[in-house]
Amino acid sequence: MQVHTTSKSVAEAQARIDDEVALLKLQTCALLTQRNALSPVSRLPHEILATVFLYQAYSFYQDPRYPNIWGAPPWANVSYVCRHWRAVALNCPSLWSFLFVFPPRWTEELLSRSKTVPLRIHVTQGRWARKEMVFVEKVTTDVTRIQDLRLKLPCNLAEEVFAKLSASAPLLHTLRLLVTKTGAESVLVPDTLFNRETPALQTLELYYCHIPWSTPIFTTLTTLRLCNLASPSLPTMTELLAILRHMPDLAHLYLEDAFSSANDILANQHSILSECLDLPHLSRLALVAPFSAVVAFLSNVAIPLKAELRLWSRGTLDDTESYTPLYPLLERRFNVTSDLGPVIRTLNIKTTSRGVGFVLSTSERDCDVPFYSVHGQYHLHEDWDRGISLKLDIEFNLRLPGDQDRLIGDICRTIPMVHLRTLVHFSSINVFDNLSSYFLKTTFGTLQELRFIRLIHLSMRNWVAALTPGLCRERSGVENVEDIFASALAELQVIAVTFGHGCRRRDLEDCEGTAWCLRRALARRKAKGYALKKLVIVDSGYVSDAQVEKLRTVVDEVDWDGYIQPAISISSSDGDD
């Protein structure tokens, strides 16, 4: 049957159908909304959901690696998921209080959405263009709202930016100023900053800039970080101690190339002064300074025994006697009989041609902690509050045989190691045999609780000699020790070590440190009732399947990664018993 219709009737019919489709869509959407409201995530209380959103925004704000933001803030995406999430996000003013360098439209929107809550402002760009200055002008119109301010700004604009921060800041809790360095001197922050009124300020971090040391801004601090100051702004030791006396609640102190040498004080003081500065609440101390300044600071400041220390002695000294002022300071800190003193369970040692590093931890098998200095750069690794009592890096210019042994030995004998259970020794790949077998045996061999040893980038020669029961001669041949090295030793890990290629010597004291030599040393330990339970060999050359099979006859468990030095034939019998 043919249906005759007019254009008008067709349009009307289509309009009715469109209306019905739209109505069905609305009904479907309403049903889906009701269904989604029954899901677990939608039944979360608004406060919990808002807390999750805030955590995401705070993670962006805290991460120094986060790139510059230009556009909508990433955490704004939560407001586009569904109606419920959008309602929660828009009714959480704190979510919109995290400000990076946003376009003007978004900056105004965030300031509006954040209502009256305190602001957190983070400018990460070192090189500023027009947009950075526009942003700063916008967010500093009401300084009284700023709670957290972190600025990285170029030297040539510092004065102009500081001028915008002349009003009082009653809510300011954290202030971080990093001025990109362009000259030999650090930038002076004016004494008029925030009208000298920051009653809530607790954290102050200054990089390549400084504030007049007499300013009252320091008095309320619990955290102070001074980094990379330059002459003539470097405070003397006397000035630094005077500054710290005005911070009775100081808990975290980081001084990195922030004060001058203290040779004049060190020449007249080798112990705590009667007017010793007491910092009873200090829990973290990081010092990067010349050796004399480190010693002078530790001599004149009373630091709680539970505080964690990170010390890097910059500069080089030419003889081991120059380091003796440090030993009584370490002894006073660690050689205590009360329960307040830390009990060292793990010792990490790093030896290089330029210095030595120590990490002392109260946790057992705390093996993967980074040293304070890495390739000439110091890093405040996020390993505080982990029971790491001390990180100590010492640069030296020692050249005489045995100097490194004496320096490390003096420090290890100063700090009680009787409860040490884990020893890690890492060496520069170009520095071999830097600790003698006599030193190893006399320093660590008598430790009755030592159970685990990890060796990295070392020659095995002296360690094989140390592990061998019986006589261990000093190089001079004068002194002897006869004992079992670390009688409780259960596991040995060797990573990227250098085994000897071949050895025909019967005397393990003078062996080449081959895998066969290690097998002979461990066989003698087993014969005396001190068998090793586990041996791990990783990425170490001059090891063969035959040698590993022989090692399995004297060790309960041998874990080998199968790495074999290419293009090298390894004797299958050299040195075998």
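All values reported here derive from a predicted model rather than from experimental measurement.

Caption draft 1: Local environment of the overall build of the protein chain. When helices and strands are tallied, the protein chain shows 15 helices and 25 strands. When each of the 577 residues of the protein chain is scored for burial, the buried share is 50%.

Caption draft 2: A look at the packing of helix H10 (residues 326-334) against helix H11 (residues 403-414). The N-to-C vectors of H10 and H11 enclose an angle of 25 degrees; their axes lie 9 Å apart at closest approach. One finds that H10 runs roughly parallel with respect to H11. Here H10 runs over H11; the crossing is right-handed. Two secondary-structure elements touch here, H10 through Tyr-327, Leu-330 and Glu-331 and H11 through Leu-407, Asp-410, Ile-411 and Thr-414. Each residue belonging to the contact of H10 with H11 can be placed in one class, and the counts come to four nonpolar, one polar and two charged.

Caption draft 3: Region of interest: the pattern of salt bridges. Considering all chains together, one arrives at 17 salt bridges under this definition. Here Glu-137 makes a salt bridge to Lys-164, at a shortest N to O gap of 3.8 Å. With Glu-137 in helix H5 (residues 130-139) and Lys-164 in the loop between helix H6 (158-163) and strand E4 (174-180), the pair connects residues that are 27 residues apart, well separated along the chain. Among the residues examined, Lys-164 registers a relative accessible area of 26% and is labelled partly exposed.

Caption draft 4: Up close: the nonpolar core. Judged by nonpolar contacts, the single largest core of 153 residues is most densely connected at Phe-297 and Leu-298. Of the residues forming this core, the biggest block, seven residues, is contributed by helix H9 (residues 291-300). What Phe-297 contacts, discounting residues up to four positions off in sequence, is Met-237, Leu-240, Leu-244, Leu-253, Leu-255, Leu-285 and Leu-287.

Caption draft 5: Geometry of the state of the cysteines. Tallying each qualifying case throughout the model produces zero disulfides. Cysteine Cys-209 shares no disulfide, and the gap to the nearest cysteine sulfur, in Cys-227, comes to 9.8 Å. Judged by relative accessible area, Cys-209 falls into the buried class, the value being 0%.

Caption draft 6: The packing of helix H7 (residues 237-244) against H9, seen in detail. Relative orientation of the contacting elements H7 and H9 amounts to 40 degrees, with a least axis distance of 11 Å. Regarding the angle of H7 to H9, the classification is oblique. Relative to H9, the crossing made by H7 is right-handed. Touching Met-237, Leu-240, Leu-241 and Leu-244 of H7 are Ala-293, Ala-296, Phe-297 and Asn-300, all from H9. Each residue belonging to the contact of H7 with H9 can be placed in one class, and the counts come to seven nonpolar, one polar and no charged.

Caption draft 7: Looking closely at the packing of aromatic side chains. Counted under the stated rule, the structure contains 14 aromatic pairs. Geometrically, the ring pair formed by Phe-100 and Phe-102 is edge-to-face, given 6.3 Å between the ring centres and 75 degrees between the ring planes. An aromatic cluster of at least three residues, connected via ring pairs, comprises Tyr-58, Phe-60, Tyr-61, Trp-75, Phe-98, Phe-100 and Phe-102. A cation over a ring is seen here: Arg-225 above Tyr-254, with NZ or CZ 4.0 Å from the ring centre. Sitting over the face of the ring of Trp-384, Arg-310 holds its NZ or CZ atom 4.1 Å from the ring centroid.

Caption draft 8: Local environment of unusual backbone geometry. Not every positive phi belongs to a glycine, and Phe-194 is a case in point at roughly 55 degrees. When you line up the elements, Phe-194 lands in the loop between strand E5 (187-188) and strand E6 (203-207). Phi is positive for Arg-196, close to 60 degrees, though the residue is something other than glycine. Following the sequence through the fold, Arg-196 ends up in the loop between E5 and E6.

Caption draft 9: Just the pairing of strand E9 (residues 252-256), in detail. Counting buried positions along E9 gives five out of five residues, so the element sits mostly inside the fold. On E9, burial covers both faces: His-252, Tyr-254 and Glu-256 on one face and Leu-253 and Leu-255 on the other are all buried. Across five bridges, strand E8 (residues 223-227) lies against E9 in parallel orientation. Across the sheet, the residue bridging to Arg-225 is Tyr-254, located in E9. Taken together, the five bridges between E9 and strand E11 (residues 284-290) define a ladder with parallel strand orientation. Each residue of the ladder has a partner; that of Leu-255, found in E11, is Leu-287.

Caption draft 10: Representation of helix H2 (residues 46-62) within the structure. In this model H2 runs 24 Å from its N-terminal to its C-terminal C-alpha over 17 residues, within 8% of the 24 Å that 1.5 Å per residue would give. Along H2, the residues that are buried comprise Leu-49, Ala-50, Phe-53, Ala-57, Phe-60 and Tyr-61. Viewed along the axis of H2, the buried residues span an arc of 125 degrees, placing them on a single side of the element. Exposed side chains of H2 directed beyond 90 degrees from the buried face belong to Glu-47, Thr-51 and Tyr-55. Residues of H2 that are buried sit in contact with helix H3 (83-90), strand E1 (98-99), strand E2 (119-123) and strand E3 (146-154).

Caption draft 11: Inspection of a negative patch on the surface at higher detail. Taken together, Asp-539, Asp-556, Glu-557, Asp-559 and Asp-561 make up a surface patch of like negative charges. In this structure, Asp-556 sits in the loop between helix H15 (545-551) and strand E25 (557-560).

Caption draft 12: Expanded view of the environment of Cys-82. Looking at the element boundaries, Cys-82 is found in the loop between H2 and H3. Separated by 49 residues in the primary sequence, Cys-82 and Thr-33 have C-alpha atoms spaced 8.8 Å apart.

Caption draft 13: Seen up close, the side chain of Ser-79. Tracing the sequence through the fold places Ser-79 in the loop between H2 and H3. Ser-79 sits in the buried class, given a relative accessible area of 2%. Here Ser-79 is in contact with Arg-86 and Ala-89, once residues within four sequence places are set aside.

Caption draft 14: Region of interest: H10. Within H10, the full set of buried residues consists of Leu-326, Tyr-327, Leu-329, Leu-330, Arg-333 and Phe-334. The buried residues of H10 occupy an angular sector of 165 degrees when the element is viewed end-on, so they sit on one face. In this structure, the buried residues of H10 make contact with H9, strand E13 (308-314), strand E18 (388-395) and H11.

The rules we used
- Residues numbered from 1 in each chain as written.
- Predicted model: local features only at pLDDT ≥ 70, side-chain atom pairs only at ≥ 80, totals over all residues.
- Heavy atoms only, no water.
- Helix = DSSP H or I, 4+ residues; strand = E, 2+ residues; numbered from the N terminus.
- Buried < 20%, exposed > 50% of the residue type's maximum accessible area, 1.4 Å probe, protein only.
- Axes fitted to C-alpha atoms, helices over the stretch in contact; angles between N-to-C directions.
- Parallel < 35°, antiparallel > 145°, perpendicular 65-115°, else oblique.
- Left-handed = near helix turned anticlockwise from the far one by under 90°.
- Contact = heavy atoms within 4.5 Å.
- Nonpolar A, V, L, I, M, F, W, Y, C, P; charged D, E, K, R; others polar.
- Salt bridge = Lys/Arg side-chain N within 4 Å of Asp/Glu carboxyl O.
- Core = buried A, V, L, I, M, F, W, Y, C linked by side-chain atoms within 4.5 Å.
- Disulfide = S-S within 2.5 Å.
- Phe/Tyr/Trp six-rings, centres within 6.5 Å; stacked < 30°, edge-to-face > 60°.
- Lys NZ or Arg CZ within 6 Å of the ring centre and 35° of its normal.
- Pairing = 2+ DSSP bridges.
- Expected span 1.5 Å × (residues − 1).
- Arc of directions from axis to C-beta.
- Patch = residues over 30% accessible without salt bridge, like charges linked within 9 Å, V, L, I, M, F, W, Y side chains within 5 Å.
- Areas by Shrake-Rupley, 256 points an atom, 1.4 Å probe, with all protein chains shown as cover.
- Lys, Arg positive; Asp, Glu negative; His and termini not counted.
- Charge placed at Lys NZ, Arg CZ, Asp CG, Glu CD.

So far we have only geometry, and geometry alone does not tell us how the molecule works.
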